[in-house]
Amino acid sequence: FDLVAVTLQIIEEIAIASLGDRSDSVLSDMSGMRVLRILRLLRILRVLRVIRFISELKKVVYLIIGSLPSFFWAMVLLTLLIYILAVFFTQLVADSFSPQDATSEHWSELNRFFGSTLTSCLTLYKAVSGGVDWEEISTPVIEHISPFVGAIFIMYSLFAVLVLLNLVTGVFVDGAMRLSRADKEIELLEKAYKLFRSTDDDDSGDITWSEFRSRLRSPEMSSFFEALEISVTRADDLFHIIDSSQDGKLSLEELVAGGLLLQGPAKAIDVALVAANLQTSLSMMTERLDLLLE
């Protein structure tokens, strides 16, 4: 793309130099040259390359792109609601006035808001987005059509502002949180893999406690503990917790699985598992006490 842009610039400079004083008039008639000039402006899109080097900015862009499906369906729902009510209000305004009222002040005021279906859609959208105050719209409706119709418009405003828009915000927040959790899991997998490769000194496929302890000050270890939101001082406890085989060694699978289980707050299944283990332990202790008493 840069080669094409530079080539176009050279062609333009040659044309200006060869035409002299007539360059402006001639170039203004060259529609193709004007198009090429516009294409040169696309070079500004190269600024988007900066996103790759700023992790936080990249995450924000990723979350925005991931929220687009939710945004689309929210807009579909809002559009359907606005269109249905726009047809309703447009028909009511058209039936409330006769052709002789076309020059009246009341008709012109309502016609400005509900003169056509498209105008009604725009009015209803403005009423919930801050484009126009809802009182300015509801007052002529109440005074010149019916208080009942005005009440319908007020209920629409309340529903759209207090329910629909807040619901859309909740959907976006929930979607962003889900994408963020998925992104954190991928990040943890990458950090666990880097930690395993840097800590497994003898390439045995397992990490011993001595190898794990010798790397506590390494950047890979600090990054892994930071992803788990655990202090490095709890390294001994972490090692023995994720060592599911209890053989004093950690495989890559144990490191990844243990990290994913410990990341974030405890889930309901984790609490249920602890309760089940406690119940099993209590049952075993009760059986042993019974044997000792006998």
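Predicted model, so just to flag it, every value in this text is computed and none were measured. (Residues numbered from 1 in each chain as written. Predicted model: local features only at pLDDT ≥ 70, side-chain atom pairs only at ≥ 80, totals over all residues. Heavy atoms only, no water.)

Examining the overall build of the protein
The helix and strand inventory of the protein stands at 14 helices and two strands. Put simply, the protein has 294 residues, and 25% of those count as buried. (Helix = DSSP H or I, 4+ residues; strand = E, 2+ residues; numbered from the N terminus. Buried < 20%, exposed > 50% of the residue type's maximum accessible area, 1.4 Å probe, protein only.)

A few points about helix H12 (residues 235–242)
Here H12 has its buried residues at Ala-235, Leu-238, Phe-239 and Ile-242. On an axial view of H12, the arc spanned by its buried residues comes to 100°, and they lie on one face. Structurally, H12 contributes buried residues whose contacts are with strand E1 (206–208), helix H10 (209–214), helix H11 (219–228), strand E2 (249–251) and helix H13 (252–262). (Arc of directions from axis to C-beta. Contact = heavy atoms within 4.5 Å.)

Examining helix H9 (residues 147–199)
Compared with the 78 Å implied by 1.5 Å per residue over 53 residues, the 76 Å span of H9 between its first and last C-alpha is a close match. Along H9, the sharpest change in direction is near 35° and occurs at Ala-160. If you check the start of H9, you find a side-chain oxygen 3.1 Å away from the backbone N of Phe-148, and it comes from Ser-146. (Expected span 1.5 Å × (residues − 1). Bend = angle between axes of the 7 residues up to and from the residue. Polar contact = N/O pair within 3.5 Å; in protein donor to acceptor, adjacent residues only side chain to side chain.)

Thoughts on the packing of helix H7 (residues 117–129) against H9
Taken N-terminus to C-terminus, the directions of H7 and H9 make an angle of 55°; their axes are 9 Å apart at the nearest point. One way to sum up the angle between H7 and H9 is to call them oblique. With respect to the hand of their crossing, H7 and H9 are arranged in right-handed fashion. Residues Leu-124, Tyr-125, Ala-127 and Val-128 of H7 lie in contact with H9, whose contacting residues are Phe-153, Tyr-156, Ser-157, Ala-160, Val-161 and Leu-165. (Axes fitted to C-alpha atoms, helices over the stretch in contact; angles between N-to-C directions. Parallel < 35°, antiparallel > 145°, perpendicular 65-115°, else oblique. Left-handed = near helix turned anticlockwise from the far one by under 90°.)

Description of a nonpolar patch on the surface
A grouping of Leu-57, Val-60, Ile-64, Ile-65, Leu-68, Phe-71 and Met-75 is seen on the molecular surface, where their side chains present a nonpolar patch of about 620 Å² in accessible area. Those elements giving two or more residues to the nonpolar patch turn out to be helix H4 (55–66) and helix H5 (68–96). Among the elements that line the nonpolar patch, the one with the most residues is H4, at four residues. As for its position among the elements, Leu-57 is in helix H4. (Patch = residues over 30% accessible without salt bridge, like charges linked within 9 Å, V, L, I, M, F, W, Y side chains within 5 Å. Areas by Shrake-Rupley, 256 points an atom, 1.4 Å probe, with all protein chains shown as cover. Salt bridge = Lys/Arg side-chain N within 4 Å of Asp/Glu carboxyl O.)

Observations concerning the confidence of the model for the protein
Residues of the protein with pLDDT of at least 70 account for 73%, and the chain-wide mean is 75. When the elements of the protein are averaged for pLDDT, helix H2 (residues 23–29) gives the smallest value, 49, and H7 the largest, 89. (pLDDT = per-residue confidence, 0-100.)

Description of the packing of H12 against H13
Here H12 crosses H13 at 110°, and the two axes come no closer than 9 Å. By the angle between their axes, H12 is roughly perpendicular relative to H13. Here H12 and H13 pass one another in a crossing that is right-handed. Contact with H12, carried on its side by Leu-238, Ile-241 and Ile-242, involves Glu-254, Leu-255, Gly-258 and Leu-262 of H13 and no other residues of that element. The residue makeup of the contact of H12 with H13, split by class, is five nonpolar, one polar and one charged. (Nonpolar A, V, L, I, M, F, W, Y, C, P; charged D, E, K, R; others polar.)

Observations regarding the pattern of salt bridges
One pass over the structure, following the stated rule, counts one salt bridge. The partner of Arg-112 in a salt bridge is Glu-136, and the shortest N-O contact between them spans 3.6 Å. With Arg-112 in helix H6 (residues 105–114) and Glu-136 in helix H8 (residues 134–144), this pair connects stretches of sequence that are 24 residues apart. Classification of Glu-136 by relative accessible area gives partly exposed; the value is 39%.

Comments concerning the packing of aromatic side chains
Scanning all chains against the criterion turns up seven aromatic pairs. Here Phe-89 and Phe-153 contribute two aromatic rings whose centre-to-centre distance is 6.1 Å and whose plane-to-plane angle is 75°, an arrangement assigned as edge-to-face. Separated by 64 residues along the polypeptide, Phe-89 in helix H5 and Phe-153 in helix H9 bring together distant segments of the chain. Here the two residues Phe-89 and Phe-153 agree in accessibility, since each one is buried. Every member of this aromatic cluster is reached through a ring pair, and the members are Phe-88, Phe-89, Phe-113, Phe-114, Phe-153 and Tyr-156. (Phe/Tyr/Trp six-rings, centres within 6.5 Å; stacked < 30°, edge-to-face > 60°.)

Overview of the side chain of Thr-199
Residue placement: Thr-199 occurs in helix H9. By relative accessible area, which is 0% here, Thr-199 ends up buried. A polar contact of 2.6 Å, which involves the side chain of Thr-199, links it to the backbone oxygen of Leu-195. Excluding residues within four positions of it along the chain, Thr-199 makes contact with Ile-207, Glu-211, Phe-212 and Arg-215.

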